[in-house]
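Below, each chain spelled out in residue letters.
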Amino acid sequence: MENILNLLRQYEFHDLCVDKISFIDNDTKVELSIIILPFNEEKDDYDKVEVYFSDIINLKTTELHFTKNSCIEINSFDYKWSEIFIGKFIFTQGFGESCFLLEIECGKVEITEK
């Protein structure tokens, strides 16, 4: 898990654009995929990176409210690994729009560049 924590540390989870959030229901389990768009200064373009959470023990959110103009960003992401991975996201949707929290406890996190 130390490898995953090192990979997560390379991204600044503040004002980080989100391309997609997906809740995947696989019969007996729920998984979560968040595709982030960190800016790559060398390429002068955005990379696409998937952060995938599985073996979910607990997942909760505040009320989600989206409009056609929603532009989701990660305002902050606090996380730690003890016996399980524990993370808390704060997502914003632009100036004057609502924000929402997502808290997750899981056994596995994967990070993949797309």
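It should be noted that the structure appears before, not after, this text.
In this numbering scheme, every chain counts its residues from 1 along its sequence in written order. Local features in a predicted model are, by the rule used here, given only for residues with pLDDT of at least 70; side-chain atom pairs are given and counted only at 80 or more, and totals for whole chains, interfaces and linings are based on all residues. Side-chain metrics in this entry use all non-hydrogen atoms of the structure; hydrogen atoms and water are not considered.

Trainee: Quick question: what am I supposed to make of the side chain of Glu-50 here?
Mentor: Here Glu-50 is to be found in strand S5 (residues 49-61). Taking relative accessible area as the criterion, Glu-50 reaches 14% and is therefore assigned buried. Here a polar contact means two N or O atoms within 3.5 Å. Within protein one must be a hydrogen donor candidate and the other an acceptor candidate, and residues neighboring in sequence count only if both atoms are side-chain atoms. Of the polar contacts made by the side chain of Glu-50, one reaches the side chain of Ser-33; its length is 2.6 Å. In what follows, a contact means two residues having at least one pair of non-hydrogen atoms within 4.5 Å. Other than its neighbours up to four places away in sequence, Glu-50 contacts Ser-33, Ile-34, Ile-35, Glu-110, Ile-111, Thr-112 and Lys-114. Per the convention used, a helix needs a DSSP run of H or I reaching at least four residues, while a strand needs a run of E reaching at least two, with both numbered from the N terminus. Buried residues are those whose accessible area, probed at 1.4 Å on protein chains only, stays under 20% of the maximum for their type, while exposed residues exceed 50% and partly exposed ones sit between those limits.

Trainee: Could you clarify how one ought to interpret the pattern of salt bridges in this entry?
Mentor: Pairing is possible between side chains of opposite charge, provided their charged atoms come close. For this analysis, a salt bridge means a side-chain nitrogen from Lys or Arg found within 4 Å of a carboxyl oxygen belonging to Asp or Glu. A full pass over the atoms with the stated rule returns six salt bridges. A salt bridge links Lys-29 to Glu-31, with the shortest nitrogen-to-oxygen separation between them at 3.7 Å. Residue classification places Glu-31 among the buried positions, given a relative accessible area of 7%. Across the salt bridge formed by Asp-47 and Lys-43, the nearest N and O atoms sit 2.6 Å from each other. Take Lys-43: its relative accessible area is 52%, and that puts it in the exposed class.

Trainee: Whenever I open this one, the pairing of strand S8 (residues 100-113) confuses me. Can you help?
Mentor: Across 11 bridges, S5 lies against S8 in antiparallel orientation. If you follow Phe-53 over to S8, its bridge partner there is Val-109. At least two DSSP bridges between two strands are required for those strands to pair.

Trainee: Is there a simple way to explain helix H1 (residues 2-9) in this structure?
Mentor: Spacing of three or four residues puts side chains on the same side of an α-helix, whose turn is 3.6 residues. Those residues of H1 that fall on the buried side of the exposure criterion are Ile-4, Leu-5 and Leu-8. Projected down its long axis, H1 carries its buried residues within an arc of 100°, all on one side. Elements in contact with the buried residues of H1: S5, strand S6 (73-81), strand S7 (85-92) and S8. Regarding the arc, it is the one traced by the directions from the helix axis to the C-beta atoms.

Trainee: Before we go on, may I ask you to explain the environment of Leu-101 in this structure?
Mentor: On the secondary structure map, Leu-101 appears in strand S8. Classification of Leu-101 as partly exposed rests on a relative accessible area of 24%. Along the primary structure Leu-101 and Phe-91 are separated by 10 residues, whereas in three dimensions their C-alpha atoms are 6.2 Å apart. Those residues in contact with Leu-101 that lie beyond four places of it in its chain are Lys-60, Thr-61, Thr-62, Lys-88, Phe-89 and Ile-90.

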